[in-house]
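Residue-level structural notes
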Amino acid sequence: METLQINEVAPRDGFQSESRFIPTDQKVALIDALTATGIARIEATSFVSPKAIPNLRDAAEVVSAIQRRQGVDITVLVPNLKGAERALACGVDEINLVMSASDAHGRANLRMTPEVSLQQFANIINTVRGSGVFINASLSTAFGCPFEGNVPEARVLDLIEQQLALGVEGVTLCDTTGVANPAQVSALCAQVLKRFPGVPFTLHFHNTRGMGLANALAAWQVGITRFDASLGGLGGCPFAPGATGNVCTEDLVHMFEQMGVNTGVNLPALLEASATLPDLIGHDTPGQVGKAGSADRRHPLPAQA
């Protein structure tokens, strides 16, 4: 059975929405701890304007300082050409472009429609092409928009086709505000795998309504093997009302490992890294396995038993 690829997004998606700035050295220490767990990829930061997301104003410093480990790709989100140029200068392994499947969310999040985003993609891809850096594109609101509601499947498929035609190599389908359900996920994932064979698709779920793990399971059952997840369940889109944390990495890894599905991740090491988060960010995290322990954990009998 194929090993899953887990892409850890807490250093970017998680930290961007925190109320306080996480010092650079602490970000670096967490990423270094994560690279030792067997995670396939780590989204370390975003090369976005510091005015837009002040918490990630140290993007270049973070990427330059982290320890690189063989087999662990460092990916970063880039919103524009300037961001892509900054990322390339730091020697990243992958850039992640982002656009929305809905007009309204695109205007709220990026101040541009999907069509304009695709035009910008072309300029970035022309700059990155030939560098050896993998080009991924995340399609936000692929399962529904907080402003427009349903996003037609045909719309999603058409945008994916246009992304690939420009030179995008991998695509992430994002449930930005946690509106997806397992039946919907199964249907869309089956369609994209059939229509675009050989393209590496990643699924990005939020647990806003408690369906994150169920959606991940539905995606895996039809053939998806790449998943975004966030340590401790941190995260949430600041431009999407009601968007809470991403699917928790340790909960996702635990579910699949208990099913006998190899994630390549050392769960105890992952739990150790997750346990440092409350002190780092100043509040508790929503992840469950970190609190309850693995399902195969055993406790001593009470004295009266």
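No experiment lies behind these values; they were computed from the predicted model shown.

1. Observations concerning the overall build of the protein chain
The secondary structure content of the protein chain amounts to 13 helices and 8 strands. The C-alpha radius of gyration computed for the protein chain amounts to 19 Å, which stays within 12% of the reference 19 Å derived for 305 residues, consistent with globular compactness. With respect to the three principal axes, the spread of C-alpha positions in the protein chain is 70 × 40 × 35 Å. Out of the 305 residues in the protein chain, the part that is buried amounts to 53%. Intrachain contacts of the protein chain at a sequence separation of at least 6 include 75% that bridge at least 24 residues. Accessible surface for the protein chain amounts to roughly 12,600 Å². Of this, 51% is attributable to carbon and sulfur atoms.

2. Looking at empty space enclosed by the protein
All chains considered together, the criterion is met by 1 cavity of 30 Å³ or more. One number sums up the size of the largest cavity: a volume of about 50 Å³. Considering the residues around the largest cavity, the lining is formed by Asn7, Arg41, Glu43, Thr75, Glu94, Asn96, Asn136, Ser138, Thr172, Thr202 and Asp228. Of all the elements in the fold, those that place two or more residues in the lining of the largest cavity are strand 2 (41–46), strand 4 (94–100) and strand 5 (134–140). For the lining of the largest cavity, a count of residues per class yields no nonpolar, 7 polar and 4 charged.

3. Considerations on the nonpolar core
Membership of the largest hydrophobic core comes to 83 residues, with the highest contact counts inside it found for Ile95, Leu173 and Phe227. Ranked by residues supplied to this core, first place goes to helix 6 (residues 114–128) with 5 residues. Residue contacts for Leu173: discarding those within four places in its chain leaves Leu139, Ala142, Phe143, Val156, Ile160, Leu188, Val192, Phe201, Thr202, Leu203 and His204.

The rules we used
- Residues numbered from 1 in each chain as written.
- Predicted model: local features only at pLDDT ≥ 70, side-chain atom pairs only at ≥ 80, totals over all residues.
- Heavy atoms only, no water.
- Helix = DSSP H or I, 4+ residues; strand = E, 2+ residues; numbered from the N terminus.
- Rg over C-alpha atoms; globule rule 2.2 N^0.38 Å.
- Buried < 20%, exposed > 50% of the residue type's maximum accessible area, 1.4 Å probe, protein only.
- Contact = heavy atoms within 4.5 Å.
- Areas by Shrake-Rupley, 256 points an atom, 1.4 Å probe, with all protein chains shown as cover.
- 1 Å grid on protein atoms, 1.4 Å probe; cavity = no way out; pocket = protein on both sides within 12 Å on 5 of 7 lines; lining within 4 Å.
- Points joined across faces, edges and corners; volume = space filled by probe spheres on them.
- Nonpolar A, V, L, I, M, F, W, Y, C, P; charged D, E, K, R; others polar.
- Core = buried A, V, L, I, M, F, W, Y, C linked by side-chain atoms within 4.5 Å.

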